[in-house]
Amino acid sequence: MSPQEVLEFAKKNDAKQLDLRFTDIPSLQHHVSYPMSELDLSSFEEGFGMDGSSIRGWAAIHESDMLLIPDPQTAIMDPFAETPTLVMYGDVKDPITKQRYERDPRWIAQKAEMFLQNSGIADTAYFGAEAEFFIFDNISFDQNQHSGYYYIDSEEGRWNSARKEDNLGYRPRYKEGYFPVPPTDHYQDLRSEMVQTMIKCGLHIECHHHEVATGGQCEIDQRFDKLVKSADNMMMYKYIIRNVANQYGKTVTFMPKPLFADNGSGMHTHQSLWKGDKPLFAGDLYAGFSQMGLHYIGGLLKHARALSAIIAPTTNSYKRLVPGYEAPVNLAYSRRNRSAACRIPMYSASPKAKRVEFRPPDPAANPYLAFAAMLMAGLDGVMNKINPGEPLDKDIYDLSPEEMKSVPSMPGSLNEALSCLEDDHAFLMRGDVFTEELIETFIDYKRKNEAEAVRLRPHPYEFALYYDI
């Protein structure tokens, strides 16, 4: 929509409130609301004032004034608000210079798209992300100087003990939750309502199903879209899932690994480059790929350890990235093989379907930063003709120790991943897509507030291991 069409759309839907949204560096979405009378055509140029000093990883208190500029192409009606509310994503600007704010994740994603177009390599990067999540009945947790715990309550979990009845019928076993019909799949109706709400909000949904883990692990697949649009859609996807679940008295988490001994949640991300109506990854080499496509994979694999800090950005992410749970620990590529970090799907022989699926990302990642970083790694592979090596078409987890020595692996912790990003981030800074200051801010925030914060606290299992040592 144009700005004028947004005003007409708001009037047609009798909108009473305007809700502007933006995303911080760790990927929490924020919002601020205004009476509709505050929105006019000038608002799309002048924006709305906001304080950026309280947003994680953003401005210092002495430079906190910012502008939030509505993006008319993102306008929808909020499906959950009792008062009719028009929603738009906002772009953040400095009120003095009128320049875009370099720590706004959406701006970084937009710069990545511009860099691609200016490179002449391709016009469009398509991203399709599959974000998995868990649906729980209740979650409680606390951590202080003398205690720490979490407790998960789920009607679907066989380990559930909070419910009065002790009926273990129709509950999926660990790692056996993939595609069961109801009643073993407890959440068919709930997911269907999520999907219908997403469609109402303009998302293109392809399918939904129960996932491998117990405890209500699910997946709803969106159709691919252009990079920034796909990241916008992922934020709306999370918003809708959480709110529909909340209406049912449930709670959703996108934590990568909330359950011990069961599969974690990934965000497998399908990627392809196009020029006009020509798919650039289709060719006559391995798995029907082009040389450009293989070089793109080479870039992803070369920079995967640095990317991990952005695409698997929590301490909990590295509890998912372990052998034995379908997580892509080892950095290799293959057709069909889901144990490889880069998979080339073989569902269709159509050139338009040729894409690479990068499997290490998880849904705790900021989609704007993650998609931008993956594109920059892939483009580095294309520009420098990085050879991805030989494909690995057998089960990586069955390789001998000798064979495994030649296969690089993902970092084992967030701290290690942050060190990898410190050592390898020049590829992100091409075209000023990421800035040195943004990367330093990201690393410092993650190291101090997450990696070190977890390292300094005793873990409950340490008491079981060491109390009587």
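The structure displayed is predicted, hence computed values, not measured ones.

Chemist: How would you summarise the overall build of the protein chain if you had to cite specific residues and measurements?
Modeler: Within the protein chain, the secondary structure is distributed over 13 helices and 18 strands. Relative to its length of 469 residues, the protein chain is compact, with a C-alpha radius of gyration of 23 Å against a globular reference of 23 Å. Projected onto its principal axes, the C-alpha positions of the protein chain cover 65 × 60 × 45 Å. Carbon and sulfur atoms make up 51% of the accessible area of the protein chain, which totals about 21600 Å². On the protein chain, the mean spot of the 49 positive side-chain charges and the mean spot of the 66 negative ones are 4 Å from each other.

Chemist: Mind laying out the side chain of Gln222, listing which residues take part and the relevant values?
Modeler: Considering the arrangement of structural elements, one finds Gln222 in strand 11 (residues 217-222). Classification of Gln222 as buried rests on a relative accessible area of 10%. When neighbours within four sequence positions are excluded, Gln222 is seen to be in contact with Leu203, His204, Ile205, Glu206, Asn233, Met234 and Tyr237.

Chemist: Kindly report on helix 11 (residues 414-423), identifying the contributing residues and their values.
Modeler: All of the buried residues along helix 11 are Leu414, Ala417, Leu418, Cys420 and Leu421. Angularly, the buried residues of helix 11 cover 155° about the axis, an arc narrow enough to put them on a single face.

Chemist: Mind laying out helix 3 (residues 105-119), listing which residues take part and the relevant values?
Modeler: If you check helix 3, its first and last C-alpha atoms are 21 Å apart, about what 15 residues at 1.5 Å a residue would give, namely 21 Å. Within helix 3 the residues assigned to the buried category are Pro105, Arg106, Trp107, Ile108, Ala109, Gln110, Lys111, Ala112, Phe115 and Leu116. Residue Gly120 follows helix 3 closely and has a positive phi angle near 80°.

Chemist: An account of the environment of Gly431 is requested, with residue identities and associated values reported.
Modeler: Relative to the helices and strands, Gly431 resides in the loop between helix 11 and helix 12 (436-455). C-alpha separation for the pair Gly431 and Arg457, spaced 26 residues apart in sequence, amounts to 40 Å.

Chemist: An account of the pairing of strand 4 (residues 65-70) is requested, with residue identities and associated values reported.
Modeler: Across the six residues that make up strand 4, a large majority, five, are buried. Bridging between strand 3 (residues 48-51) and strand 4 involves four bridges; their strand directions are antiparallel. Counterpart to Asp51 in the pairing with strand 4 is Asp65. Strand direction decides the pairing type here: strand 4 and strand 6 (residues 85-93), joined by four bridges, are antiparallel. Bridge pairing in strand 6 links Ile69 to Asp91.

Chemist: Kindly report on a negative patch on the surface, identifying the contributing residues and their values.
Modeler: Residues Glu38, Asp40, Glu45 and Glu46 make up a contiguous surface patch of negative charge. Under the relative-accessibility criterion, Glu38 is labelled partly exposed at 45%.

Chemist: Break down the pattern of salt bridges for me, with residues and values.
Modeler: Here the structure, examined in full by the defined rule, presents 20 salt bridges. With a shortest N-O distance of 2.6 Å, Lys250 and Glu155 are connected by a salt bridge. One end of the pair, Lys250, is in the loop between helix 5 (227-247) and strand 13 (251-253); the other, Glu155, is in the loop between strand 9 (148-153) and helix 4 (188-200), with 95 residues separating them in the sequence. Residue Lys250 is classed as buried on the basis of its relative accessible area of 12%.

Chemist: Which residues make up the packing of aromatic side chains, and what values do they have?
Modeler: For any pair of aromatic rings, the description consists of the separation of the ring centres together with the inter-plane angle of the planes. Under the definition given, this model contains 12 aromatic pairs. On the basis of an interplanar angle of 25° and a centroid distance of 5.2 Å, the ring pair of Phe127 and Phe371 is categorised as stacked. On the criterion of sequence distance, the pair formed by Phe127 in strand 7 (residues 124-136) and Phe371 in helix 9 (residues 367-383) is long-range, its members being 244 residues apart. A residue is classified by how much of its surface remains accessible, and Phe127, at 0% relative accessible area, is buried. Each residue in the set Tyr126, Phe224 and Trp274 is aromatic and connected to the rest through ring pairs, giving one cluster. Cation over ring: Arg21 sits above Tyr239, and NZ or CZ is 4.1 Å from the ring centre.

Chemist: Give me the state of the cysteines: which residues, what numbers.
Modeler: Defined simply, a disulfide is a covalent bond joining two cysteines at their sulfur atoms. Tallied over the full model, the rule gives zero disulfides. Cys218 supplies the cysteine sulfur nearest to Cys207, a cysteine that is in no disulfide, at a spacing of 12 Å. Relative accessible area serves as the criterion here: at 34%, Cys207 is assigned to the partly exposed category. In this model Cys420 remains outside any disulfide bridge; the closest cysteine sulfur is found in Cys342, 16 Å from its own.

Chemist: Can you lay out the environment of Gly216 for me, pointing to particular residues and giving the numbers?
Modeler: Tracing the backbone shows Gly216 in the loop between strand 10 (205-210) and strand 11. Judged by its relative accessible area of 0%, Gly216 is buried. Along the chain, Gly216 and Ile135 lie 81 residues apart, while their C-alpha atoms are 4.9 Å from each other. Residue contacts for Gly216: discarding those within four places in its chain leaves Phe133, Phe134, Ile135, Glu156, Tyr187 and His210.

Cut-offs used in this document
Residues take numbers from 1 onward in each chain, read along the sequence in its written order. Only residues with pLDDT of at least 70 are given local features in this predicted model, and only at 80 or more are side-chain atom pairs given and counted; all residues enter the totals for whole chains, interfaces and linings. Hydrogens and waters are ignored; side-chain quantities use all the structure's heavy atoms. The helix count covers DSSP runs of H or I at least four residues long, the strand count covers runs of E at least two residues long, and both are numbered beginning at the N terminus. Only C-alpha atoms enter the radius of gyration, while the globule expectation follows 2.2 Å times N to the 0.38, with N the number of residues. Using a 1.4 Å probe, accessible areas were evaluated by the Shrake-Rupley method; residue-level cover was limited to the displayed protein chains. By the counting scheme adopted, Arg and Lys are positive, Glu and Asp are negative, and His together with the chain ends is not counted. For the purpose of locating charges, the reference atoms are NZ of Lys, CZ of Arg, CG of Asp and CD of Glu. Buried means the residue's accessible area, taken with a 1.4 Å probe over protein chains only, is under 20% of the maximum for its type, while exposed means over 50%, and partly exposed covers the values in between. A contact between two residues is defined here by any heavy atoms of the two lying within 4.5 Å. Directions pointing from the helix axis toward each C-beta atom define the arc. The span you would expect from a helix comes to 1.5 Å times its residue count less one. Between any two strands, pairing holds if DSSP finds at least two bridges. To count toward a patch, a residue needs a relative accessible area above 30% and no salt bridge. Like charges then connect within 9 Å, nonpolar side chains (Val, Leu, Ile, Met, Phe, Trp, Tyr) within 5 Å. Whenever Lys or Arg places a side-chain nitrogen within 4 Å of a carboxyl oxygen from Asp or Glu, that contact is recorded as a salt bridge. Any Phe, Tyr or Trp ring, taking Trp's six-membered ring, that has another such ring centre within 6.5 Å forms a pair; planes under 30 degrees apart are called stacked, those over 60 apart edge-to-face, and the others tilted. Placement of a positive charge over a ring is assigned whenever Lys NZ or Arg CZ falls within 6 Å of the ring centre and within 35 degrees of the normal to the ring plane. Whenever a pair of cysteine sulfur atoms sits within 2.5 Å, that pair is classed as a disulfide.

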